Amino acid sequence: MASYSLSKLVNEFYKNVMMFKPSLCHERAMILTESYRTSEGLPQIIRRAKAIREVLEGMSVYILKGELIVGNQASRPKAAPLFPEFSISFLVNELNEIPRRPFDSFDVGVEVKNVIDKISTYWFGKTHEDRVTYLISLVLPDEALRSFNINSFVLNDVIYAGVRKASGDGHIIPNYQTLLRLGFPGILKNVEDEISKLDLTDTQSFKKALFLEAVRIVYEGVLSFIKRYYVLAREMADGDVDDDWRDELLRIAEVCSNLLIGPPKTFREALQLIWFAHLILQIESNGHSVSLGRSDQYLYPYYEADVREGRITKEEALELIKCFLIKMNTLNKVRPWSETRYKSGYPLFMTITLGGQTPDGQDATNELTYLFLDALAEVKLPQPTIVLRVHSKTPEKLLVHAVKVLIRHGGGLPAFFSDEVIIPALMNMGITVYEAREYAIAGCSEAVIPGKSLSFTGGVCYFNLLKLLEITLNDGCNPRNDLCLFNTTREIDELRSVDELIEEFKNQLAFYTKFIVPLTSITSATDADLNPTPFASSLMDHRIELGLDISEGGGPNNKYSHTIIQGHGIANVANSLYVIEELVFREKLLTLKEFREILLSNWGGVRGKELRKLALNIPKYGNDVDDVDRYAKIISKLFYDEVMKYRPLRGAVFGLSLQGLTANVPEGEATGATPDGRLSGEALADNVSPHPGTDRNGVTAILKSVSKVDHSLFINGNILNIRFHPSVLTDGFGGIDEGKVLRFVKMLETFLIDLKGFQVQFNIVSAEVLREAQKEPLKHANLVVKVAGYSAYFTSLDRKLQDQIILRTEHLL
Amino acid sequence: MQIKGLIFNIQKYSIHDGPGIRTLVFVKGCPLRCLWCCNPEGQTPQPEIMYYRNLCVSCGMCTKVCPRGASVFRDNSVVYNRELCTSCGACVRVCPTGARKLVGKYVTVDEVLSEVLKDMKFYVRSGGGLTVGGGEPLTQHEFVKELLRRAKEYAIHTAVETSLYAGPHIVKEVLRHTDYLFVDIKHVDPTKHLELTGVSNELILSNIRYVLSESLVDVSSFVIRIPIIPSVNDDYGSLRGIAEFIRSLKHEVSVELLPYHELGKHKYEALGREYALSNPIWKVFIPSKEYLESISKFLTSLGVKLVST
Ligand code: SF4
Ligand code: SF4
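Residues numbered from 1 in each chain as written. Chains lettered and ligands numbered in written order. Predicted model: local features only at pLDDT ≥ 70, side-chain atom pairs only at ≥ 80, totals over all residues. Heavy atoms only, no water.

Trainee: Break down the overall build of chain A for me, with residues and values.
Mentor: Each helix and strand in chain A was counted, giving 33 helices and 20 strands. Relative to the globule expectation of 28 Å for 813 residues, the C-alpha radius of gyration of chain A, 26 Å, shows essentially globular dimensions. Dimensions along the principal axes, computed over C-alpha positions, put chain A at roughly 85 × 65 × 50 Å. Here chain A holds 813 residues, and the buried ones make up 67% of them. Sequence-distant contacts in chain A: of pairs separated by 6 or more residues, those separated by 24 or more amount to 78%. (Helix = DSSP H or I, 4+ residues; strand = E, 2+ residues; numbered from the N terminus. Rg over C-alpha atoms; globule rule 2.2 N^0.38 Å. Buried < 20%, exposed > 50% of the residue type's maximum accessible area, 1.4 Å probe, protein only. Contact = heavy atoms within 4.5 Å.)

Trainee: Explain the nonpolar core residue by residue, including any values.
Mentor: Of all hydrophobic cores here, the largest spans 236 residues; its most connected members are Phe184, Phe267, Phe416, Tyr512, Phe744 and Phe762 of chain A. When residues of this core are assigned to their parent elements, the largest contribution, 15 residues, is made by helix 9 (residues 205-238) of chain A. Residues in contact with Tyr512 of chain A, not counting those within four places in the same chain, are Leu155, Asn156, Val158, Ile159, Phe463, Leu468, Ile471 and Leu485 of chain A. One finds Phe143, Leu164, Val183 and Val304 of chain B within the second-largest nonpolar core, a separate group that totals 53 residues. (Core = buried A, V, L, I, M, F, W, Y, C linked by side-chain atoms within 4.5 Å.)

Trainee: Could you give me a rundown of the interface of chain A and chain B, with the residues and numbers involved?
Mentor: Listed by partner, the interface residues are 22 residues for chain A and 25 residues for chain B. Approximately 2200 Å² of surface area, both sides summed, lies buried where chain A meets chain B, with 60% of it carried by carbon and sulfur atoms. For the pair chain A and chain B, the number of links is two salt bridges. In this structure, Asp754 of chain A engages Arg125 of chain B in a salt bridge whose closest nitrogen and oxygen atoms are separated by 2.8 Å. Scanning the region where chain A abuts chain B turns up nine residue pairs in polar contact (both at pLDDT 80 or more). Where the side of chain A that touches chain B is concerned, the elements lending two or more residues are helix 30 (699-707) and helix 31 (738-754) of chain A. When the residues that make up the side of chain A that touches chain B are grouped by side-chain class, the tally is 11 nonpolar, three polar and eight charged. (Buried area = accessible area lost by both parts, 1.4 Å probe. Salt bridge = Lys/Arg side-chain N within 4 Å of Asp/Glu carboxyl O. Polar contact = N/O pair within 3.5 Å; in protein donor to acceptor, adjacent residues only side chain to side chain. Nonpolar A, V, L, I, M, F, W, Y, C, P; charged D, E, K, R; others polar.)

Trainee: Lay out the sheet that holds strand 11 (residues 461-464) of chain A in plain terms, naming residues and giving numbers.
Mentor: Residues and elements named next belong to chain A. Read from one edge to the other, the open sheet built from six strands follows the order 3-4-5-11-14-15, with strand pairing classed as mixed. Taken across any chain shown, the strands that pair with only one partner, and hence form the sheet edges, are strand 3 (148-149) and strand 15 (653-657). Here five bridges tie strand 14 (residues 562-568) to strand 15, and the two strands are oriented parallel to one another. By the bridge assignment for strand 15, Thr563 is matched with Phe654. In the packing of helix 22 (residues 516-530) onto the sheet, the strands contacted are strand 3, strand 5 (159-160), strand 11, strand 14 and strand 15, and the crossing angle to strand 11 comes to about 155°. This element, helix 28 (residues 626-643), spans strand 11, strand 14 and strand 15 of the sheet and lies at about 165° to strand 15. (Pairing = 2+ DSSP bridges. Axes fitted to C-alpha atoms, helices over the stretch in contact; angles between N-to-C directions.)

Trainee: Go over the domain arrangement of chain B, please, and point to the residues and values.
Mentor: Residue and element names in this part refer to chain B. Here the domain parsing of chain B yields domain 1 (4-45 + 104-306) and domain 2 (51-103). Distance from the C-alpha centre of domain 1 to the C-alpha centre of domain 2: 33 Å. Across the boundary between the two partners, domain 1 contributes 10 residues, which contact five residues of domain 2. Between domain 1 and domain 2, roughly 600 Å² of surface is buried when both sides are summed, and carbon and sulfur atoms account for 53% of that area. Together, Gly104, Ala270 and Leu271 form the three largest contributors to the area buried by domain 1 at its contact with domain 2, with a combined 61%. Here domain 1 and domain 2 share zero salt bridges between them. For the pair domain 1 and domain 2, the number of links is three residue pairs in polar contact (both at pLDDT 80 or more). In terms of residues, the side of domain 1 that touches domain 2 owes the most to one element, helix 10 (residues 265-270), which gives four residues. (Domains from an automatic or database assignment.)

Trainee: Describe in detail the state of the cysteines, supporting the description with residues and values.
Mentor: Under the definition given, this model contains one disulfide over all chains. Across the disulfide from Cys477 of chain A sits Cys484 of chain A; the S-S distance is 2.0 Å. On the sign convention where negative is left-handed, the bridge of Cys477 of chain A and Cys484 of chain A, at about 105° about the S-S bond, is right-handed. Judged by its relative accessible area of 17%, Cys477 of chain A is buried. When its relative accessible area of 28% is taken as the criterion, Cys484 of chain A is described as partly exposed. Take Cys323 of chain A: it sits in no disulfide, and the sulfur closest to it among the cysteines is that of Cys256 of chain A, at 13 Å. Its relative accessible area of 0% is what places Cys323 of chain A among the buried residues. Between Cys34 of chain B, a free cysteine, and Cys37 of chain B, which holds the nearest cysteine sulfur, the sulfur-to-sulfur gap is 6.4 Å. (Disulfide = S-S within 2.5 Å.)

Trainee: Give me the lowdown on empty space enclosed by the protein, citing residues and values where you can.
Mentor: Evaluated as defined, the whole model comprises 12 cavities of 30 Å³ or more. Its volume calculated, the largest cavity comes out at about 150 Å³. (1 Å grid on protein atoms, 1.4 Å probe; cavity = no way out; pocket = protein on both sides within 12 Å on 5 of 7 lines; lining within 4 Å. Points joined across faces, edges and corners; volume = space filled by probe spheres on them.)

Trainee: Summarise helix 5 (residues 110-123) of chain A; cite the residues concerned and give the values.
Mentor: Residues and elements named next belong to chain A. For helix 5, with 14 residues, the first-to-last C-alpha span of 20 Å sits near the 20 Å given by 1.5 Å per residue. The axis of helix 5 is deflected most strongly, by about 30°, at Asp117. Of all the residues in helix 5, the buried ones are Val112, Val115, Ile116, Ile119, Ser120, Tyr122 and Trp123. If you follow the buried residues of helix 5, they end up packed against strand 1 (23-25), helix 2 (27-38), helix 3 (44-58), helix 4 (89-94) and helix 6 (128-139). Just downstream of helix 5 lies Gly125, where phi reads positive at about 85°. (Expected span 1.5 Å × (residues − 1). Bend = angle between axes of the 7 residues up to and from the residue.)

Right, here's the structure in full:
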């Protein structure tokens, strides 16, 4: 194949994809519901398998001009399929609003409306959301239930449990090495072998048989799906098309037909197979954060053999990878509005991990590591998230290359993760060093072992730690609703030091933490009851031999798995405690009770204004001031200790994270004024970043402050956002400055290797450009920025979030 | 009692001021008055107030606290009288908008050092360290020397950015603890130098020869910087003069160009001073890439070894 025409075709494909706007697609919901109607009474996992098979056989398939890798999620690029089995009510209630949302809107065609009209009565009372809501109402004590917002799934403004309200589990990285070795036919054969080997004396054998039968049914669908592309490509090749494109269509047909009979033999077949698997995972369920793992590693043998045999050139491989990355941007997901606010910008959190180490501890960099980075720089799209693992032997050349890609991509990719933190942290969970070295990032920052960890997001919970401090300061009551779920042991005026205040905070934390057990278990159990995922299960280690769907947990996977619990607002809590220490206990300018009154008045009056100025001038987290930073360390450790007292439903452990998506905006809205000088309703600091504008001592000071948190406790990752003016990496005329790039690399190495930071990511964009984009969104429609663990089009974000990103201190020189 | 110095900034992650990642300490006070100076707040040897009128909302808070009557209300707006001001900083603490800034702070060597030490790991990784600039570090040579000496005790790489406008014994003392040196040559003609910077250059040029002949720093760690101020000091005659001087040195030294920019222009107003180059007689402009390339070519053709640090 000639790479000239390839790059032309891929360009054409890119343009074709970019023409589409996000929309909703009715097909999946329609076919799935039809299937469910006819399968009443059958075991749930079989109903589900049949429904998925029918979707794969009945949904439309298309091949866009120029795409070298085929397979679509819905009837158009960027159309989100619908998953009524998770929630029907939000679709019914929000359908008219969805096209009019200020951000994350979708076009809604008339077929969608008709289909929802037709299916809604079938689903009322049967969905995941209905079941979860019912169970929560059974379990929560009355007082807690009164504070529980049934629409957004927030408990007293402190715990957000809505992540999984209308969505499946996701958060896995399949074992793509195994899939590549066996192909779909090979996995199907394993399933059939297991069926033939069933042990009749095992009391669970019927359950195993059910699961295996479900996988078999889904695989019928999978193979028909692939076959449909084979047929379509042949048909299109027979039509009136130009020669280059006809050649490619015939190749597509050939690739598909090879995948129907066995494992992939070439790089292109391997990529196509991975794409089919990734795609079908997105059709089976709508759980996000389904990630790709270490693509440069498992694809390398195919690339290397192709190059050796002269079947492919580097340039051709680059075009295929570009196509693969563009395909990621054709996928989409619609969430209820309440959930959308926590993650705006259409994220799917699909992550590719590059670099790092081999199981025996050598540097794993190969040519594909560079090619993936180059492809990323060329396509400049928000999806997928590409991250680079950094360790003490990562070649400087690779880091220099990656930083240049960061400049070229411009949208915050790649992000950088530390092997030096993550591998030991995984080993602390009891994972061997060989396996730990195989980790990859799922979603934003979750460190998992591909094929092994079931990230068990079950019911993710987000903790608003700053709100918890506000409640502590109000003797256990939430000023927004006057509910007092748990009174502090002492009145605020009896507290004599910050340590005593922290003691009360800890009591509150202990009280609220208990709720994560039912909130997560209920979701997990509901997954297993209503929406098992046989296809996803078939791609994970042990599940076929075990004969157990991943939604059931259990088995050897438990050792690797961790249910996500996030803590938000750590910077604000640390800053607030330090301000209290200074103003209340050291300078004795006012009592804690007076302080509380001032906060309740949102810093009102002359006194309030003066105090706020004082509070703002007290050093903050992010400036390498030990006296403040120590509170970030203390509070994050408290959080860890509390959560670790409990275990999630499916075995394994809770895995903590201080990353916070875009939750800082809605959580800020629910939090009154806080001692750090924050106004009522103002967004919290994002992730583990300093509060915007408070980091005044330069980037090294931020890195130092952040590194004082013990990151090895946070297996689901911490995210640090830093925004740089482009001049930090370029010369006065916009060209790349090699000396600056090298220093930047050294800064990264210091943070990730010497200071043991978990992760860091950068936006290299000036405030002027962002402001212009706010003014003229159309002109800047392609401007990508790193938001939290994901990138998104800047203009597609919540305006409040846009403002926050602009406010992030711009580091220049 | 520890010796104190007057500094006006400590900047982390400095990447223009010597090898690797550095912390740059800005010493306040300078005997020169270069017309293009982008750190005019570093020139006077006392703390002073910068007053950004554009940020002032005329709230009058400063007038209430000023003990000197240096900030007063007149016709609904605030008038600041620098003559009366003692830079006590009372107004800075109350100003709600940040319109007032106090530049210059007396600090001990220990205080500076503890800040510098915080980035030790970055220096070790990147081969960076401490740079003392300003202002003119040699105006506070005892403080600077002590700071450098103490930094060397921690094996921190040290650099100094100076005009070398000081007595040779002072130069020698400070350089005892200096690993890397940046010196500016702004012009070779003494009269012209006087016109552009307020002082003659004889001392500077003889100090350059002195530093090299005595090997006070290694020649590989010695960089001469030429500020390129279009139509002010960059005519070919002037450049040729500088090149000839450099060629006449017994060593091959590295030379770096510092292109003119106007990022410090707004500070003059905040200091209540005029920006001399605003006067159209100077015809100064910000050089383009091509413009600088042609100057580089010219200097290279005269045998000057250009680098970018
Ligand atoms: S620094 Fe002191 S004397 Fe000067 S204007 Fe401010 S308050 Fe008045
Ligand atoms: S306190 Fe600040 S803002 Fe208010 S009048 Fe004085 S300088 Fe202006």
